[in-house]
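What follows is the residue order along each chain.
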Amino acid sequence: MPKIAIMLSGRGTNMVALARRIASGDLDADIRLVGSDRPDAEGLARAEALSLPTLVLPYREKGKDEAEGLLLEHLEKKGVEWVVLAGFMRILSPRVISRFRDRIVNIHPALLPAFPGTEAIASAWNYGVKVTGVTIHLVDEEMDHGPILAQRCVPIDEGQTLEELEERIHEVEHDIYWRTLKDLFAGRYKKEGRRMKLDRT
Ligand code: GAR
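Residues numbered from 1 in each chain as written. Predicted model: local features only at pLDDT ≥ 70, side-chain atom pairs only at ≥ 80, totals over all residues. Heavy atoms only, no water.

Visitor: Help me understand the pattern of salt bridges in this model?
Guide: Pairing of side chains with opposite charge becomes possible as their charged atoms draw close. All told, the structure shown has 15 salt bridges when counted by the stated rule. In this structure, the salt-bridge partner of Arg168 is Glu171, at a minimum N-O distance of 2.5 Å. Highlighted residues: Arg168 and Glu171, both in helix H7 (residues 162–185), separated by three residues, approximately one helical turn. According to the relative accessible area criterion, Glu171 is partly exposed, its value standing at 46%. Each of Arg152, Asp175 and Arg179 takes part in one network of salt bridges that share partners. (Salt bridge = Lys/Arg side-chain N within 4 Å of Asp/Glu carboxyl O. Helix = DSSP H or I, 4+ residues; strand = E, 2+ residues; numbered from the N terminus. Buried < 20%, exposed > 50% of the residue type's maximum accessible area, 1.4 Å probe, protein only.)

Visitor: Can you help me understand the packing of aromatic side chains in this one?
Guide: Geometrically, a pair of aromatic rings is defined through the distance of the ring centres and the angle of the planes. In total, this model carries three aromatic pairs according to the counting rule given. Ring geometry for Phe115 against Tyr127: centres 5.6 Å apart, planes inclined by 70°, an arrangement best described as edge-to-face. Remark: Tyr127 occurs in helix H6 (residues 120–127) and Phe115 occurs in the loop between strand S5 (104–108) and H6; sequence separation between them is twelve residues. With relative accessibility at 18%, the residue Phe115 sits in the buried group. A cation over a ring is seen here: Arg99 above Phe100, with NZ or CZ 4.5 Å from the ring centre. For Arg103, the ring lying beneath its charged end belongs to Trp82, and the centroid distance is 4.4 Å. (Phe/Tyr/Trp six-rings, centres within 6.5 Å; stacked < 30°, edge-to-face > 60°. Lys NZ or Arg CZ within 6 Å of the ring centre and 35° of its normal.)

So this is what it looks like as structure tokens:
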């Protein structure tokens, strides 16, 4: 069974959605760790309520180098094979990325390469695009840049509020993430350059 760590900085709704799919047997994975750079992240409390092991990384007190050192130590110790970013708002350094090359996955609330970075949903809404969406991708050294595993469109309707769009995006995120991880963990993706080909047979 794939051993995973989930990293978050905020509410943790994606982490909960994944944990539910694992509990129901839809996704075969073992959550060995839920890590956060923020001790006050709502997602950490949610993980604890689900009896998942949590880890706070001391980014603020000790800086990125030490925080990542601690992260790597725990990932090794717990035998983690895949790192699943779910609203983790820090850029991982090449040291972590090379240690888990093509084994770090991220979810982004827009159709990359459009609207990278933070506040992607609001940026798309304010820009006035008619279609936005969700992207799942492997993490490389550049921000919101790695090979794309899956994308799903979300149309923006006339008169739709930003809050309504946010709600719809999260709904889509909670459905697309576990499905993509299931294919990835089952080895159904083949890498060709930066193109990820999904074998659906
Ligand atoms: C999600 O919308 C995720 O796509 C986004 O943070 C949110 C976390 O929500 N990630 C990024 O913007 C990464 N650039 P959650 O804490 O409720 O899962």
